[in-house]
Amino acid sequence: MNFAFKAESVENRPINQSSRQYDNFFLHGESTESYQHIVQQVSEKLAEVMNKLEDPYSGKSPSSLYQELNKLSVFSYEGESIESLLKDINDTLLMSNIHIAHQKSVAHLHCPPLVSALAAEMVINAFNPSMDSWDQSPAATYLEQEMIQWLLHRFGYDSEADGVFTSGGTQSNYTGLLIARDSFCKKIFGVDVQKQGLPKQFQRMRILCSEDAHFTVKKSASQLGLGEESVVSIRTDKNHRLCTADLNRKLEELDKEQLLPFALVATCGTTDFGSIDPLSDMAAIAKKHGLWLHVDAAFGGALILSHQHRSKLRGIEKADSITVDFHKLFYQPISCGAFLLKNGEEFRYLQHHADYLNPEEDEEIGIVNLVNKSVQTTRRFDALKLFFSLRMVGTKQYGDMIDHTLFLASSAACYIDGMVNMKVINVDPELNTIVFRFVPSVSDTVDLNQVNRNIQKHLLYTGKAVLAKTTIKGEVCLKFTLLNPRTKLEDLKEILADIHEFGELELEKWRFPV
Ligand SMILES: *Cc1c(COP(=O)(O)O)cnc(C)c1O
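Chains are numbered independently. Their residues run from 1 in the order of the written sequence. In view of the model being predicted, local features appear only for residues whose pLDDT reaches at least 70, and side-chain atom pairs are presented and counted only at 80 or more, with totals across whole chains, interfaces and linings using the full set of residues. Think of the side-chain values as coming from all heavy atoms in the structure, minus any hydrogens and water.

Describing the site of the ligand
Part 1: Nearness here has a simple test: a residue counts as near a molecule or strand if at least one of its heavy atoms is within 4 Å of that partner. The immediate surroundings of the ligand are formed by 14 residues, with T170, D296, D325, H327 and K328 found nearest.
Part 2: Polar contact is defined as a pair of N or O atoms within 3.5 Å, subject to the rule that within protein one atom must be able to donate a hydrogen and the other to accept it, and that residues adjacent in sequence are counted only when both atoms are side-chain atoms. At 2.8 Å, a side-chain N or O of K328 approaches an oxygen atom of the ligand.
Part 3: When isolated, the ligand has an accessible area of 380 Å², and the protein chains bury 84% of it.
Part 4: The numbering of helices and of strands both runs from the N terminus, where a helix is a DSSP run of H or I of at least 4 residues and a strand a run of E of at least 2. Top contributing element to the shell around the ligand by residue count: helix α8 (residues 169–189), with three residues.
Part 5: Counted by class, the shell around the ligand contains three nonpolar, eight polar and three charged residues. Surface exposure here means Shrake-Rupley accessible area, sampled with a 1.4 Å probe, where a residue is shielded only by the protein chains that are shown. Throughout this entry, Asp, Glu, Lys and Arg are counted as charged residues, while Ala, Val, Leu, Ile, Met, Phe, Trp, Tyr, Cys and Pro are counted as nonpolar. The remaining residues, Gly among them, count as polar.

Some remarks on helix α3 (residues 32–52)
Part 1: Given the number of residues in a helix, its expected span is that number minus one, multiplied by 1.5 Å. Between its first and last C-alpha atoms α3 spans 30 Å; for 21 residues at 1.5 Å apiece the expected length is 30 Å, and the two agree.
Part 2: Classification of residues uses two cut-offs on accessible area relative to the type maximum, computed with a 1.4 Å probe and protein chains only: under 20% is buried, over 50% is exposed, and between them is partly exposed. The set of residues buried in α3 consists of S34, K45 and V49. For α3, the arc enclosing every buried residue in end-on projection is 35 degrees, short of the 170-degree limit, so these residues lie on one face. More than 90 degrees from the buried face of α3, the exposed residues found are E33, Q36 and N51. The arc in question is the one traced by the directions running from the helix axis out to the C-beta atoms.

Considerations on the packing of aromatic side chains
Part 1: Aromatic pairs are defined between Phe, Tyr and Trp rings, using the six-membered ring for Trp, whenever the two ring centres lie within 6.5 Å; interplanar angles under 30 degrees are classed as stacked, those over 60 as edge-to-face, and all others as tilted. Taken as a whole, this structure holds nine aromatic pairs when the rule is applied.
Part 2: Taking 5.5 Å as the distance between ring centres and 35 degrees as the angle between the ring planes, the aromatic pair formed by F165 and F326 counts as tilted. Separated by 161 residues along the polypeptide, F165 in strand β1 (residues 162–166) and F326 in the loop between β6 (321–325) and β7 (337–341) bring together distant segments of the chain. In this pair, the class of F165 matches that of F326, namely buried.
Part 3: Summarising the aromatic geometry, the rings of F326 and F330 are spaced 4.8 Å apart at their centres and angled 80 degrees between planes, so their arrangement reads as edge-to-face.
Part 4: Of the residues examined, F326 reaches a relative accessible area of 0% and is grouped as buried.
Part 5: Assessed through its relative accessible area of 0%, F330 is described here as buried.
Part 6: Ring pairs connect the aromatic residues F165, F326, F330 and Y398, which therefore count as one cluster.

A short note on the side chain of T481
Part 1: Mapped onto the fold, T481 is located in strand β11 (residues 475–481).
Part 2: Classification of T481 as buried rests on a relative accessible area of 2%.
Part 3: Within the structure, T481 has its side chain in polar contact with the backbone oxygen of A107 (distance 2.7 Å).
Part 4: When checking whether two residues touch, look at their non-hydrogen atoms; a contact exists if any pair is within 4.5 Å. Setting aside anything within four residues of it in sequence, one finds T481 in contact with V106, A107, H108, L109, N432 and T433.

A short note on helix α14 (residues 383–392)
Part 1: Of the positions making up α14, those classed as buried are A383, L384, K385, L386, S389 and L390.
Part 2: Against the buried residues of α14 lie α6 (115–127), α7 (138–154), β1 and α15 (394–417).
Part 3: Of the residues one or two after α14, G394 is the one with positive phi, at around 85 degrees.

Description of the sheet that holds β1
Part 1: By this definition, two strands are paired if DSSP reports at least two bridges between them. Spatially, seven strands are ordered β1-β7-β6-β5-β4-β2-β3 in an open sheet, and the strand pairing comes out mixed. For this open sheet the edge positions go to β1 and β3 (231–234), each flanked by a neighbour on one side alone. Going from strand to strand, the sheet's axes swing by 20 degrees on average, the running direction of each strand aside. Whenever a helix is involved, its axis is fitted only over the stretch in contact; in every case the axis is a line through C-alpha atoms, and angles between N-to-C directions fall within 0 to 180 degrees.

Re the layout of surface pockets
Part 1: For cavity detection a 1 Å grid was placed over the protein atoms alone, and a set of points counts as a cavity when a 1.4 Å probe fits there but cannot get out; an open set counts as a pocket when protein lies on both sides within 12 Å along at least five of seven lines, with lining residues being those that have an atom within 4 Å of a point. Grid points are joined across faces, edges and corners, and a volume is the space filled by probe spheres set on the points. The space that makes up the largest pocket amounts to roughly 1,200 Å³.
Part 2: Along its surface, the largest pocket is lined by 37 residues, and L46, M50, I100, P113 and L118 are the ones closest to its centre.
Part 3: Among the secondary structure elements, those contributing two or more residues to the lining of the largest pocket are α3, α5 (82–94) and α6.
Part 4: Ranked by residues supplied to the lining of the largest pocket, first place goes to α3 with nine residues.

Honestly, it's all geometry; don't read function into it.
As structure tokens, then:
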């Protein structure tokens, strides 16, 4: 009696009527028309903007761009149409971006995204699967696993290995060092760090990596409770590769001081020079000393697709764990990376059972919940982007693209080396970065660091080119990161001519100070 009464009163409420008005906001039933309309408007607008943008950057100064953005309203009370919104953001959010697909956007490890991946993003975003538990991503879970299997195979791992997609190199490096730390503490001290925290000997634990390793090694050490000072820096040789003689020397010193090295990080593609540490030699040293070998191949890992340079990765299969990024040389939209683990069992150091998400009974019936392998919970289905790209572009063209950018880098290094007033720091680039400097012969009073800094700034604020700067042994240098396979030597020659021209103008300032 009571029950019937309740049911009736619920039915009488006009909930169904009023919820209709929200239909247009979701991709479902009748609202698919509204979805298609919005997507079409956006895609037409993007095509229009990309065709209109002539330079890699609008050239707007930070303050003028800030002021423009400051005027933009971040909400509308009544809501508005896509047309009105696109119109309002045209000059700022659309026309004032770095045009990353432009041939003269050559600054960072920041890639133009493949169109195949942009299409995959639409699918990912529409279903919005969450990779933490199987019941939020049934098909997606298995595809991610398949993509991981493909990667493990390509990197030379066997069937014991496992892996997971990550938000990028930072998270992959962190995960590798976390597992290295916990596996060491378990083996050496019998301490379960997850439950008991760090053992009392933690202040003696050490991580080794080259002085050119990525800063996220130190950042991970600090987040892992070991502190940045637990990272021992190993010297590099003239090609910016880790020097194994210095590594052996440092290991002896640590031994004398009764310190406890437990992890060695090799870099496969350093940020400035793209240099690749001697992987096989380091693997042998790691084995001898019982160290966990983590290879940070965020940048260089893409060579698994190269036709000509794949052998540079020789030895990587001996690593205990590997970082690889797809939002760099694999041309994926941000974010997309993976963490690979030689002995998949060791993911147990990350595992926590939450009754609502990954109960142990799931494992009994063969359901995989990928949260068990990740430091994230809710996680994007980024594996689909790589899948679309590998299928649509094909591994042949993928390899050709990567090889082309390496060829471009070596041609450009050779060209710059032949220019007057220009010095190339890495004449024979390992991957596709070139570090160089404008070095006219001038009196000591001219600050060439300032001149080089101003050249980079000038090119950005005139919108002529987006290039990077870095400091090598106290000298400010300019840097090309040549990820874009559409960039030609001609484009670089134009940038170099601009550098020269503007550099000469800068020198005038020093000759005739105002
Ligand atoms: C880019 C990069 C990282 C950091 O990766 P994110 O994807 O930016 O988090 C770490 N190591 C190396 C060598 C890199 O090139």
